[in-house]
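Descriptive structure summary
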Amino acid sequence: MDALALLCNLYGDGPSTLKRLRAHGVLRIEDLGARQAGDLATLLALTPAITRRFLKEASALEQRVLDSADAVNPVEQAHAPKRAGREVVRGKQAMLAAAAQLWTELDRTSPVPQTQHATESAHVQEEPVVKDGTPLAAAELDRATFEALHGIGIRTLEDLAGMDSEVVAAASGLGLSQVLFAQGLARREARAQIECTQRAAPSDAPEELVVCILQPSAPTDSRFSPSERAPAQWLSEPSGSQCEHEPAADEGAGPFA
Amino acid sequence: MRVISLVNQKGGCGKTTAAIHLAAALSLAKQRVLVVDLDPQAHASMGLSAQGESGPTIADVLCDRVTTREALRSAPCELTLLASCQRLAEFEEESARLVGPEQRLRSALEEVADDFDFALVDCPARADGVLTANALCASTSAFLVIETGAFALQGALRARALFEEVAEQQGSRFDRRVLGTMFDKRTRFARELLVALHSRFGDEMYDTVVRSSVRLREAAACGRPVFDIAPRSAAADDFHSLAAEVLGDAPVVGRELGGHVASSVARAARVVAARTSKDLPNGSVHVPN
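This is a predicted model, so every value here is computed, not measured.

1. Description of the overall build of chain B
Along the backbone of chain B there are 13 helices and seven strands. Here chain B holds 289 residues, and 52% of them are scored as buried. Look at the contacts in chain B between residues 6 or more apart in sequence, and 76% of them connect residues 24 or more apart.

Quick look at the structure:
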């Protein structure tokens, strides 16, 4: 079994995918790198998003198989001829160093906007300041999604949350499910930002780092809906000085303690 | 005739299912195929709608009570079956009184070697018994069937070492291949395991990995191959692809080419295939063991 067959078994439709790829001249996993995602999507009858993921997995698997081959037979690999047109990085340390270098280069050429509180970052100064709304970077989007959204001019979470999903998907090239997921994240993050702003110090106070600690989900006893037979103390509201999810000290931990 | 044994000392890893469906797929590819059920549990016989106790079986053949031809039965998908029965377990005890008990199956199959292109031997879940030794002695290829599930990798390494030891003791030489079965790509565990199997057995593994499928279970319950009940299922696809690989593995050679020569032919064919598909860099030829 070669790496291409392994890839088709892991992330494709097994022998059907393998047969289609081989019939169209993709004989090795390395050949996938030269193919456009659009061509492959047509060839494999997949959506562009799935095809992009397939290519991403192919790249990862190729590297993994190479590393594995290094571990199995380092002498044979040392004498193997280098593949043309592309530098192959072998070994974990070398791979990490190459990744770090790549990220440094990417940061230099296409700076990514940081969160509004990271004032010391030079990237924030280079980016246009987002005055109204929460920056897109506040949501935990993956890099590809962020870049696609940023590329079509979406700068704030409010913009993202308010736009039509299908329009965003069509304009950005992302899958509809990815857009819906990103919008969900954006809405959640925007809500969290608003809550943080409301709890923050008054505006005339000196600017300081606002640390948002998300409330943990309610413990089981507070989710419990007591029946009519439940003691009255369970139905009473906790006192104002305490967190609404914590029971008062004198009322115990609830029915499931 | 090429004789292929499906071996693993672990039970429930898909040996019987692979034997039945690979045989059916080869038969659909216009090959004459004999299925030899060498497992006393007789699951391959049941999977091909045969009742082992109702006629002569492989147990009778190995004990020289009937000839091989007398024990042959027809089965679905134009297969021919040498059925098994529980009495086959007695052969283990009886073999102590026989001369060359591990050569019995080879002799039995030589009798019908001209009638078939392939014989697929479904081995019991015990790699060190006399039944598996019989299968390995008669084989031109041995498939180590590995389930892509828990304990598979460790079990596979042990099984491989064990059947190589058995083969060495018996003086048999055959082509060794690895077949992955019961693969469920939805689980990360199975995917990781397949990558691990690939890194360990890469050259020996078939490109086709048989996926886990409800259709295969339904087919076993119906006593028919999956090609009869769900010919367009993923399971049917998998076995068609596997059959194509087996057919392309090596030229179909005569029985006299069995053993070491067949193994060499298979290795040579794999090298040629690898060169053709540019898997190997120019000037470096790695011959799989």
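Alright, that's what it looks like, and here's the rest.
2. Here's the deal with helix α11 (residues 176–199) of chain A
With 24 residues, α11(A) extends 35 Å between its outermost C-alpha atoms, agreeing within 8% with the 34 Å of an ideal straight helix rising 1.5 Å per residue. Among the residues making up α11(A), those that are buried are A:Gln178, A:Val179, A:Ala182, A:Gln183, A:Ala186, A:Ala190 and A:Gln193.

3. Focus: the confidence of the model for chain B
Residue and element names in this part refer to chain B. With 84% of its residues at a pLDDT of at least 70, chain B reaches an overall mean of 81. pLDDT under 50 marks residues 251–289. Its contacts with residues more than four places away, or in other chains, come to 48 contacts. The complex prediction reports pTM at 0.59, with the ipTM value standing at 0.74.

4. Thoughts on the nonpolar core
Counting 103 residues, the largest nonpolar core has B:Leu22, B:Val35 and B:Leu120 as the members making the most contacts within it. If you tally residues by element for this core, the top one is helix α1 (residues 15–28) of chain B, at eight residues. Not counting chain neighbours up to four residues away, the residues in contact with B:Val35 comprise B:Ala19, B:Ile20, B:Ala23, B:Ala44, B:Leu48, B:Ala75, B:Leu79, B:Leu81 and B:Leu120. Core analysis: the second largest hydrophobic core is formed by 17 residues, A:Ala137, A:Ala148, A:Leu149 and A:Ile154 among them.

5. Things to note about the pairing of strand β6 (residues 141–147) of chain B
Residues and elements named next belong to chain B. Of all the seven residues making up β6, seven are buried; the element is thus mostly covered by neighbouring parts of the structure. What you see with β6 is no split at all: Ser141, Phe143, Val145 and Glu147 on one side and Ala142, Leu144 and Ile146 on the other are buried throughout. Examined bridge by bridge, strand β1 (residues 2–7) and β6 share four bridges and lie parallel to one another. Within β6, the residue paired with Leu6 across the bridge is Phe143.

6. Overview of the environment of B:Arg215
Residue and element names in this part refer to chain B. By the element assignment, Arg215 lies in helix α10 (residues 214–222). Sequence separation of Arg215 and Val226 is 11 residues, and the distance between their C-alpha atoms is 6.6 Å. When near neighbours in sequence (up to four residues on either side) are disregarded, Arg215 contacts Val226, Ala230, Ser233 and Ala235.

7. Here's the deal with the confidence of the model for chain A
All names here are of chain A. Within chain A, residue pLDDT values average 68, and 52% of them lie at 70 or more. Confidence drops under a pLDDT of 50 for residues 111–131, and excluding neighbours within four residues, the segment shows 25 contacts in the predicted structure. Low pLDDT (under 50) marks residues 240–257, which in the prediction has 23 contacts with non-local residues, meaning those over four places away or in another chain.

8. Regarding the packing of helix α1 (residues 3–11) of chain A against helix α9 (residues 188–201) of chain B
Packing of α1(A) against α9(B) leaves a shortest axis separation of 10 Å and a crossing angle of 165°. The angle between the axes of α1(A) and α9(B) places the two elements in the roughly antiparallel class. For the crossing formed where α1(A) meets α9(B), the hand is right-handed. Contacts from A:Leu6, A:Asn9 and A:Leu10 in α1(A) reach B:Arg191, B:Leu194, B:Val195 and B:His198 in α9(B). For the contact of α1(A) with α9(B), the per-class residue count stands at four nonpolar, two polar and one charged.

9. Considerations on unusual backbone geometry
All names here are of chain B. Within the chain, Lys30 stands out as a residue other than glycine whose phi angle is a positive 65°. You can see Lys30 is positioned in the loop between α1 and β2 (33–37). Given 9 C-beta atoms within 10 Å, Lys30 falls into the exposed group. In this model, Met182 sits at a positive phi of 55°, which is unusual for a non-glycine residue. One can find Met182 in the loop between β7 (175–181) and α9.

10. A word on helix α2 (residues 15–23) of chain A
Of all the residues in α2(A), the buried ones are A:Pro15, A:Thr17, A:Leu18 and A:Leu21. Considered in projection along α2(A), the buried side chains sweep an arc of 160° and stay on one side of the axis. On its buried face, α2(A) sits against α1 and α3 (37–44) of chain A together with α12 (234–249) of chain B. Downstream of α2(A) by one or two residues, A:Gly25 has phi in the positive range, about 85°.

Quick notes on the rules
- Residues numbered from 1 in each chain as written.
- Chains lettered and ligands numbered in written order.
- Predicted model: local features only at pLDDT ≥ 70, side-chain atom pairs only at ≥ 80, totals over all residues.
- Helix = DSSP H or I, 4+ residues; strand = E, 2+ residues; numbered from the N terminus.
- Buried ≥ 20, exposed ≤ 12 C-beta atoms within 10 Å, placed from the backbone.
- Contact = placed C-beta atoms within 7 Å.
- Expected span 1.5 Å × (residues − 1).
- pLDDT = per-residue confidence, 0-100.
- Core = buried A, V, L, I, M, F, W, Y, C linked by C-beta atoms within 7 Å.
- Pairing = 2+ DSSP bridges.
- Axes fitted to C-alpha atoms, helices over the stretch in contact; angles between N-to-C directions.
- Parallel < 35°, antiparallel > 145°, perpendicular 65-115°, else oblique.
- Left-handed = near helix turned anticlockwise from the far one by under 90°.
- Nonpolar A, V, L, I, M, F, W, Y, C, P; charged D, E, K, R; others polar.
- Arc of directions from axis to C-beta.

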